[in-house]
Amino acid sequence: IAELLVVMARVPKSEGHRGGISAFVVEADSPGITVERRNAFMGLRGIENGVTRFHQVRVPAGNLIGREGEGLKIALTTLNTGRLALPAMNVGCAKWSLKIAREWSAERVQWGKPVGQHAAVASKIAFVAATTFALEAVLDLSGQMSDEGRNDIRIEAALAKLWASEIGYVVADELVQIRGGRGYETAQSLAARGERAVPAEQMLRDLRINRIFEGSSEIMHLLLAREAVDPQLTAAGRLADPEATLRVKAHAAAKAAPFFVQWLPKLATGRGQLPTAFSEFGDLAPHLRYVERTSRAMSASCVRAEMLRSDDPEQGTTAYELADAFCGRRGFVSSGSWTLCGTTPTTPTTGWPAGYLTATTPGWKPACSISARAPAPGSRPGSPAHHRSRTSPAESTDSRRSLLRNRRRCDANTGERIGRGAKRFPGQGPMTGQGSRYEAPGSS
């Protein structure tokens, strides 16, 4: 398909030529270029990736990009902005996953009500919604830093690529799980039997490559670890050198002392330790103090929520809720800490940021509301005790009553009991979604 190719080739070193890996622009129809075969992959089956053979291909000197020996440097300089394309793709996929998950959870009825009204599915939708908001926040921040052109964004691009690749795949997997057997079925098969062709399994296969190309997750870990300790190694690296003499180590220690005198106190002090710091962020202030003390992985979500609130207070209110959910103050980090309320709102939800929790069907009503379980008294925000679910007695009683009601329910079609000790439906197996039979088109 391509008419122009960028080829990295090793140029021999000779008199007047520095040699080394160099970059060239090569026309695809040049004599000597043949495509042996097209490769086939698990996903991304639309890309034209193949085995290309170069035999005695002559390239004009004017086709050289940069100077001889700078090919690797040129390739590496494109990685930072190139890596930001993957978070962008993951944002789009996450938004689509949320849309499909919400539509399906409102349409699919099981045990007398839409599956979205069951806590197991509601918690998954909440996870997808909050994660999608955080993904776009990370993308916006990284893209803005790249556009400014005055920052070294190697770490930011690597972090964005690594996290988006990993969590984007989890979001796609949750969509497949929400759709159950239909999520595992191909779009072609669904269309052939008269159902909506939703390529959930295709997206799952396509997103798997993100953890491999543009720098694998393992390489990203190494890059980030190296960059994280680079100042310390620069200041005191000789102290860890097993071949360094005592005199060399003593000199290195004296040289490193000023650096550590300034750096170590920052680990125990700073704005993150002040109870009133970041008060301009309102309810998100505890998250930013926690981020300042421990990491900066959640800061983009909080900053983007404040930006949306400044532009549109009504939309910003919900943006705060999404950022709050993602950061874990309401137990989002710990699994199993979302809980269903006993009531369902009677009016459509409005004001959600575009692309996240916007109602996808006219007159849509939220399948459930998500309530926070109170953190342990006196616990530090972000600590395990803080995120550990604490269910009130009334909440526990309501949950037990709901469970008992479900156990007493019978299938409307067969009259069979549903719940503990219930008989398995004929054919119920791996293709079953949400504990129900895998129904053929036209079945109720």
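Located above this text is the structure these notes cover.
Quick caveat: nothing in here was measured; it's all calculated off a predicted structure. (Residues numbered from 1 in each chain as written. Predicted model: local features only at pLDDT ≥ 70, side-chain atom pairs only at ≥ 80, totals over all residues. Heavy atoms only, no water.)

Caption draft 1: Examining the overall build of the chain more closely. Helix and strand counts for the chain come out as 15 helices and nine strands. Residues counted as buried form 36% of the 444 residues belonging to the chain. Taking as baseline every contact in the chain between residues at least 6 positions apart, the subset at least 24 positions apart corresponds to 61%. As presented, the chain carries roughly 25700 Å² of accessible surface, and 56% of it is formed by carbon and sulfur atoms. (Helix = DSSP H or I, 4+ residues; strand = E, 2+ residues; numbered from the N terminus. Buried < 20%, exposed > 50% of the residue type's maximum accessible area, 1.4 Å probe, protein only. Contact = heavy atoms within 4.5 Å. Areas by Shrake-Rupley, 256 points an atom, 1.4 Å probe, with all protein chains shown as cover.)

Caption draft 2: Layout of the environment of arginine 182. Within the secondary structure layout, arginine 182 lies in helix α6 (residues 181-184). In this structure, the C-alpha to C-alpha distance between arginine 182 and glutamate 201, residues 19 residues apart in sequence, is 9.1 Å.

Caption draft 3: The arrangement of the sheet that holds strand β1 (residues 4-11) in detail. Here three strands make up an open sheet; going across it, the order is β1-β2-β5 and the pairing antiparallel. Two strands in the sheet have a free side with no partner beyond their single neighbour: β1 and β5 (64-65). In this sheet, strand β2 (residues 20-27) lies alongside β1 in antiparallel orientation, the contact comprising eight bridges. Each residue of the ladder has a partner; that of arginine 10, found in β2, is isoleucine 21. (Pairing = 2+ DSSP bridges.)

Caption draft 4: Spatial organisation of helix α13 (residues 313-327). Counted at 1.5 Å a residue, the expected span for α13 with its 15 residues is 21 Å, and the 20 Å between its end C-alpha atoms agrees. The element α13 is extensively covered by neighbouring structure, given that 11 of its 15 residues are classed as buried. Every buried residue of α13 is listed here: Gln315, Gly316, Thr318, Ala319, Tyr320, Leu322, Ala323, Asp324, Ala325, Phe326 and Cys327. (Expected span 1.5 Å × (residues − 1).)

Caption draft 5: Focus on the nonpolar core. Judged by nonpolar contacts, the single largest core of 48 residues is most densely connected at Phe133, Leu284 and Ala305. For this core, the secondary-structure elements that each account for two or more residues are α3 (85-107), α4 (119-148), α5 (154-179), α8 (200-207), α11 (285-294), α12 (299-311) and α13. Element by element, the count of residues in this core is highest for α4, at 10 residues. If near-sequence neighbours (up to four positions away) are discounted, leucine 284 is found in contact with Cys302, Ala305, Tyr320, Ala323 and Asp324. Listed in part, the eight residues of the second largest apolar core include Leu84, Val138, Ala160 and Ala300. (Core = buried A, V, L, I, M, F, W, Y, C linked by side-chain atoms within 4.5 Å.)

Caption draft 6: Layout of the state of the cysteines. Following the criterion strictly, the structure yields zero disulfides and no others. No disulfide involves cysteine 302; its sulfur sits 3.8 Å from the nearest other cysteine sulfur, which is in cysteine 327. (Disulfide = S-S within 2.5 Å.)

Caption draft 7: Molecular detail of the packing of aromatic side chains. Per the stated rule, a full pass over the model turns up two aromatic pairs. Judged by centre distance (5.6 Å) and plane angle (70°), the rings of tryptophan 163 and phenylalanine 326 are edge-to-face. Of the two residues, tryptophan 163 is situated in helix α5 and phenylalanine 326 in helix α13; the sequence distance between them amounts to 163 residues. Arranged with centres 5.1 Å apart and planes meeting at 85°, the rings of phenylalanine 259 and phenylalanine 260 form a pair that is edge-to-face. A residue is classified by how much of its surface remains accessible, and phenylalanine 259, at 27% relative accessible area, is partly exposed. Sitting over the face of the ring of tryptophan 104, arginine 179 holds its NZ or CZ atom 4.7 Å from the ring centroid. (Phe/Tyr/Trp six-rings, centres within 6.5 Å; stacked < 30°, edge-to-face > 60°. Lys NZ or Arg CZ within 6 Å of the ring centre and 35° of its normal.)

Caption draft 8: Seen up close, a nonpolar patch on the surface. Side chains of Val6, Met8, Ile21, Leu72 and Leu76 sit close together on the surface and give an oily, nonpolar patch of about 440 Å² of accessible area. For the nonpolar patch, the secondary-structure elements that each account for two or more residues are β1 and α1 (71-77). Relative to the helices and strands, leucine 76 is located in helix α1. (Patch = residues over 30% accessible without salt bridge, like charges linked within 9 Å, V, L, I, M, F, W, Y side chains within 5 Å. Salt bridge = Lys/Arg side-chain N within 4 Å of Asp/Glu carboxyl O.)

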